[in-house]
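Summary of the model geometry
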Amino acid sequence: MGRRIAPLTLDNLADLTEPCRSCVFWELDPVRGREAVEAGKPELEKEGWISAVLLEWGSCGRIVYVDEEPAGFVLYAPPAYVPRSQSFPTSPVSPDAVQLMISRVLPGHQHQGLGRVLVQTVAKDLLGRGFRAIEAFGVAGVDQPTCLLPADHLLAVGFKTVRPHHRYPRLRLEARSTLSWKGDVEGALERLLGGARKEPALRPF
């Protein structure tokens, strides 16, 4: 079984599965997001957002492939690129952190540790890009919107609550804490990705 992790680019943007491919929940503020949906062009707005972030900051996502089919993905960016984050009661994201926007493992590939590997891959990438932490808005409760990550999942992969809230806690993973993960990350990637060639660390443009 061939497995690999690739940076998200405009060339493989179509490999994001729906509804995430045409979702602009994080990428636009609430008013512009609603206008994009009503105008029937959320996919174009998503592509424009990815293009701008790639040009100004660099890669903002990873896609896991199994036998060249998408198996999961993650999106992340500095808070300046994520206008919806200002709408949360536990905002803002700390200026020294990158926001983890969304992480998904597709049915048929779940319960294999890929979710944790995706988060570890983001942390490893950011270590060389001048950021101290990853932060995310979790969601608690029975009714959980698909655009938000369950707080329990974030806690399970190493995040800690930095601003509690009954519904939307903000959680943080210190980049320095991932230094002790390096051996674990290498081992996990080796096991889960079948010894595929490791991609080089990205640097800021």
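The present account deals with the structure reproduced in this document. All values reported here derive from a predicted model rather than from experimental measurement.

1. Thoughts on the state of the cysteines
- Enumeration over the complete set of coordinates arrives at zero disulfides.
- Free of any disulfide, Cys20 has its nearest cysteine sulfur in Cys23, 6.2 Å distant.
- Judged by relative accessible area, Cys20 falls into the buried class, the value being 12%.
- Cysteine Cys23 is unpaired, with the sulfur of Cys147 as its nearest cysteine sulfur at 3.4 Å.

2. So, the side chain of Arg21
- Mapped onto the elements of the fold, Arg21 is located in the loop between strand 1 (3–7) and helix 1 (30–38).
- As a buried residue without a salt bridge, Arg21 has its nearest oppositely charged side chain in Glu47, at a separation of 4.2 Å.
- Filtering out sequence-adjacent residues up to four positions away, Arg21 remains in contact with Leu13, Ala14, Leu16, Glu43, Lys46 and Glu47.

3. Focus: the environment of Lys46
- Inspection of the secondary structure puts Lys46 in helix 2 (residues 42–56).
- Residue classification places Lys46 among the buried positions, given a relative accessible area of 3%.
- When the C-alpha positions of Lys46 and Trp26 are compared, they lie 9.8 Å apart, and in sequence the two are 20 residues distant.
- Not counting chain neighbours up to four residues away, the residues in contact with Lys46 comprise Leu16, Cys20, Arg21, Cys23, Val24, Glu27 and Leu75.

4. Things to note about helix 2
- An ideal rise of 1.5 Å per residue puts 21 Å on 15 residues; helix 2 measures up with 21 Å between its terminal C-alpha atoms.
- Taken together, the buried positions of helix 2 are Pro42, Lys46, Trp49, Ile50, Val53 and Leu54. Taken down its axis, helix 2 places every buried residue within 130° of arc, on the same side. Opposite its buried face, helix 2 presents the exposed residues Leu44, Leu55 and Glu56, each directed more than 90 degrees away.
- Against the buried residues of helix 2 lie helix 1, strand 3 (69–77) and strand 4 (97–105).
- Backbone geometry just after helix 2 places Gly58 at a positive phi near 120°.

5. Let's talk about the nonpolar core
- Core analysis: the largest hydrophobic core is formed by 54 residues, its most contacted members being Ile50, Trp57, Leu100, Leu126, Ile134 and Phe159.
- It is helix 3 (residues 114–127) that provides the largest number of residues to this core, a total of seven residues.
- Non-local contacts of Ile134, meaning those with residues more than four positions away in its chain, are made with Val98, Leu100, Val119, Val122, Ala123, Leu126, Phe159, Leu171, Arg172 and Leu173.

6. Remarks on the pairing of strand 2 (residues 61–66)
- The buried count for strand 2 comes to six of six residues, which makes it a mostly enclosed element.
- Both faces of strand 2 are covered, namely the face carrying Gly61, Ile63 and Tyr65 and the face carrying Arg62, Val64 and Val66.
- Of the strand pairs in this sheet, strand 1 and strand 2 are connected by five bridges, and their pairing is antiparallel. Directly across from Arg4, in strand 2, lies its bridge partner Tyr65.
- As judged from the six bridges shared by strand 2 and strand 3, these two strands associate in the antiparallel manner.

What counts and what doesn't
- One numbering rule holds for all chains: residues counted from 1, following each sequence as written.
- Local features are withheld for residues below a pLDDT of 70 in this predicted model, meaning they are given only at 70 or higher, and side-chain atom pairs are given and counted only at 80 or more; totals for whole chains, interfaces and linings count all residues.
- Hydrogens are left out, water is left out, and the side-chain values use all remaining heavy atoms of the structure.
- Cysteine sulfurs are considered disulfide-paired once they come within 2.5 Å of each other.
- Burial status follows relative accessibility: with a 1.4 Å probe on protein chains alone, a residue under 20% of its type maximum counts as buried, one over 50% as exposed, and anything between as partly exposed.
- For the purposes of this entry, the term helix denotes a DSSP run of H or I that reaches at least four residues, the term strand denotes a run of E that reaches at least two, and both are numbered from the N terminus.
- All tallies of charge rest on Lys and Arg as positive and Asp and Glu as negative; His and the ends of each chain are not included.
- Any carboxyl oxygen of Asp or Glu within 4 Å of a side-chain nitrogen of Lys or Arg constitutes a salt bridge here.
- Contacts were defined at the residue level, with two residues in contact if any of their heavy atoms lie within 4.5 Å.
- To estimate the expected span of a helix, subtract one from its residue number and multiply by 1.5 Å.
- Arc, as used here, means the arc of the directions from the helix axis to the C-beta atoms.
- The nonpolar core is taken to be a set of buried Ala, Val, Leu, Ile, Met, Phe, Trp, Tyr and Cys residues, with the residues joined through side-chain atoms within 4.5 Å.
- Only strands joined by at least two bridges in the DSSP assignment are considered to pair.

Nothing here speaks to function; it is all geometry.
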